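So the chains spell out like this:
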Amino acid sequence: QVQLVESGGGLVQAGGSLRLSCAASGLTFRSYVVGWFRQAPGRDREFVAVISETGGSTNYSDSAKGRFTISRDNAKNTVYLQMNRLKGEDTAVYFCAARPAARPTFDYWGQGTQVTVSS
């Protein structure tokens, strides 16, 4: 049974930092691409960042570029999202998701972790 469990969310002041973690189990983690997505109240879920199965390739949304860094530790089956210079508009539930490298859609999703940025 595949499980993705996010952690690290919380309340932070604008300009502050948080590091989210996504711990995976039940899959061959090193064969999966992992992404971070977020959903704010009343808005659609949106892409934040993605990392290749080896960690050698990353991609970011325009809003995350330059402020967020995605990384992974395949020995720990964990992906991280370091978020710096947080803004009020970053307030959302953050989800991690995984897909096999050869598939275009994310098959597995975590339950999400709340990030609230106070201004």
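Scroll up for the structure.
Parameters at a glance
- For every chain, the first residue of its written sequence is number 1, and the numbers climb from 1 along that sequence.
- Residues qualify for local features only when their pLDDT is at least 70, as the model is predicted, and side-chain atom pairs are given and counted only at 80 or more; totals for whole chains, interfaces and linings, by contrast, use all residues.
- Neither water nor hydrogens contribute to the side-chain values; these are computed over all heavy atoms in the structure.
- For every residue, the accessible area (1.4 Å probe, protein chains only) is compared with the maximum for its type, and the residue is labelled buried under 20%, exposed over 50%, or partly exposed between those bounds.
- Working definition: helices are DSSP H or I runs of at least four residues, strands are E runs of at least two. Numbering for both runs from the N terminus.
- Only when DSSP finds a minimum of two bridges between them are two strands counted as paired.
- Salt bridges are counted wherever a side-chain nitrogen of Lys or Arg sits within 4 Å of a carboxyl oxygen of Asp or Glu.

A few points about the pairing of strand 7 (residues 68–73)
Alternating positions in strand 7 separate cleanly, F68, I70 and R72 being buried on one face and T69, S71 and D73 remaining unburied on the opposite face. As paired elements, strand 7 and strand 8 (residues 78–83) share six bridges and run antiparallel to each other. When the bridges of strand 8 are listed, R72 appears paired with V79. Between strand 7 and the antiparallel strand that follows it, strand 8, lie four residues; N77 among them carries a positive phi value of about 55°.

Topic: the pattern of salt bridges
A full pass over the atoms with the stated rule returns five salt bridges. Among the ionic pairs, D90 bridges to R38, the shortest N-O distance being 2.9 Å. One end of the pair, D90, is in the loop between strand 8 and strand 9 (92–100); the other, R38, is in strand 4 (residues 32–39), with 52 residues separating them in the sequence. Exposure class is identical for D90 and R38. Each is buried. We note a salt bridge from D62 to K65, for which the minimum N-O separation is 3.6 Å. D62 sits in the exposed class, given a relative accessible area of 68%. Connected through shared salt-bridge partners, R38, E46, R67 and D90 make up one network.

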